[in-house]
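The lines below spell out each chain.
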Amino acid sequence: MSAFTSTWNKEFKDYFVSPIAYMVIAIFLLVTGWFFFSTFFIQDQASLRSFFNLLPITFAFVIPALTMRLFAEEFNVGSYEILSTMPISPVQIILSKFLAAVCMVGAMLLPTLAYVGFVAWLGDLDPGPVLGGYVGSLLLGASFAAIGLFTSALTRNQIIAYILGALCCFVLTLMNQMLFFVPSGIMDLIQYLAVSYHFQNIAKGVIDTRDVLYFASVIAIGLYLTTLAIHARE
């Protein structure tokens, strides 16, 4: 097993050793399930639109909780110095931690497939928006994981890492909700920068390369800034 695989394996298993991961998943399922089913029967439509509409704001608070410890804990207990002596580069360390966080996002979304089965059982569910919604969810989760990884690399304190990560994700999520506050000349730019704008496009079932490129750019910038933060500590 390579050092990269070993590090990814350790990070992914650590999620299930800590009670924080179970608490985060339970809170995520409770919040999304409550808000989804509280409106589902009122709308009387076989659709998961209200569930996917909730995801950007829910992920903005949940995913930084999954990433806050990835570097902050290592710096705090001094284990990063030991990790850096192993035959693995800083970039591989960052990518292995990022991949573990993305896999955790996938594990968190897995139980929500029960919503799909339930809605499909009740009515004629259109598979296009459902597939687009889950593709968009993984891209959104990966983007927020990259941001959370960066804020975790900035500090030894997990709480500070969480607050910074949640703040960045929250701002990116709500940017297009504040367009009436910005000059008309930069409205299109602000809308393009909003993560929820691109997520909602994909969740409609139409996967546009411009939206995929946006998420890829956010991930790349987040990981690049993480690399700079790690190098600054060496």
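Residues numbered from 1 in each chain as written. Predicted model: local features only at pLDDT ≥ 70, side-chain atom pairs only at ≥ 80, totals over all residues. Heavy atoms only, no water.

Q: I'd like to hear about the overall build of the protein chain, residue by residue, with values.
A: A tally of helices and strands in the protein chain yields 12 helices and 0 strands. Overall, the protein chain shows an N-to-C arrangement of helices and strands of α-α-α-α-α-α-α-α-α-α-α-α. In terms of C-alpha radius of gyration, the protein chain reaches 18 Å, essentially the compact-globule figure of 17 Å for 234 residues. Here the C-alpha coordinates of the protein chain stretch approximately 55 × 45 × 30 Å along the principal axes. With 234 residues in all, the protein chain has 45% of them scored as buried. In the protein chain, of all internal contacts separated by at least 6 residues, the share reaching a separation of at least 24 is 77%. (Helix = DSSP H or I, 4+ residues; strand = E, 2+ residues; numbered from the N terminus. Rg over C-alpha atoms; globule rule 2.2 N^0.38 Å. Buried < 20%, exposed > 50% of the residue type's maximum accessible area, 1.4 Å probe, protein only. Contact = heavy atoms within 4.5 Å.)

Q: With reference to specific residues and values, describe the environment of C103.
A: Take C103: it is sitting in helix α6 (residues 90–109). Sequence separation between C103 and W8 is 95 residues; the distance between their C-alpha atoms is 9.8 Å. Ignoring anything within four residues of it in the chain, the contact list for C103 reads W8 and F12.

Q: Explain the packing of aromatic side chains to me, and be specific about the residues and the numbers.
A: Evaluated as defined, the whole model comprises 19 aromatic pairs. Note on Y214 and F215: the rings are 5.5 Å apart at their centroids and 75° apart in plane angle, and the pair reads as edge-to-face. By relative accessible area, Y214 is classed as buried at 5%. In textbook terms, an aromatic cluster arises when at least three aromatic residues are bridged by ring pairs, as seen for F36, F37, F51, F52, Y115, F118, W121 and Y134. The cationic tip of R69 hangs over the ring face of Y15; the distance from NZ or CZ to the ring centre is 4.9 Å. For K97, the ring lying beneath its charged end belongs to F71, and the centroid distance is 5.1 Å. (Phe/Tyr/Trp six-rings, centres within 6.5 Å; stacked < 30°, edge-to-face > 60°. Lys NZ or Arg CZ within 6 Å of the ring centre and 35° of its normal.)

Q: Residue-level account of the packing of helix α8 (residues 127–152) against helix α12 (residues 209–233), with values.
A: At a minimum axis distance of 8 Å, the contact between α8 and α12 shows a crossing angle of 20°. Put simply, α8 runs roughly parallel to α12. Crossing of α8 against α12: the hand is left-handed. Here L139, L140, A142, S143, A146, I147, L149 and F150 of α8 lie close against α12, whose contacting residues are V212, F215, V218, I219, G222, L223, L225, T226 and A229. (Axes fitted to C-alpha atoms, helices over the stretch in contact; angles between N-to-C directions. Parallel < 35°, antiparallel > 145°, perpendicular 65-115°, else oblique. Left-handed = near helix turned anticlockwise from the far one by under 90°.)

Q: How would you summarise helix α3 (residues 49–67) if you had to cite specific residues and measurements?
A: Between its first and last C-alpha, α3 extends 27 Å over 19 residues, near the 27 Å set by a 1.5 Å rise per residue. The largest bend along α3 reaches roughly 45° and is located at T58. Taking burial as the measure, the 19 residues of α3 include 15 buried ones, the bulk of the element. (Expected span 1.5 Å × (residues − 1). Bend = angle between axes of the 7 residues up to and from the residue.)

Q: So what's going on with a nonpolar patch on the surface? Which residues, and what values?
A: On the surface, a nonpolar cluster with roughly 340 Å² of combined accessible area is contributed by I186, L189, Y192 and L193. Here L193 is to be found in helix α10 (residues 187–193). L193 sits in the partly exposed class, given a relative accessible area of 35%. (Patch = residues over 30% accessible without salt bridge, like charges linked within 9 Å, V, L, I, M, F, W, Y side chains within 5 Å. Areas by Shrake-Rupley, 256 points an atom, 1.4 Å probe, with all protein chains shown as cover. Salt bridge = Lys/Arg side-chain N within 4 Å of Asp/Glu carboxyl O.)

Q: Quick rundown of the packing of α3 against α8? Include the residues and the values.
A: Running from N to C, α3 and α8 point in directions that differ by 30°, and their axes come no closer than 9 Å. The pairing of α3 with α8 is recorded here as roughly parallel in orientation. Between α3 and α8 the crossing geometry is right-handed. Judged by residue contacts, F51, F52, L55, P56, F59, A60, I63 and T67 of α3 engage P129, V130, G133, Y134, S137, L140, G141, F144, A145, G148, L149 and S152 from α8. A class-by-class count of the residues in the contact of α3 with α8 yields 14 nonpolar, 6 polar and no charged. (Nonpolar A, V, L, I, M, F, W, Y, C, P; charged D, E, K, R; others polar.)

By themselves these figures say nothing about function.
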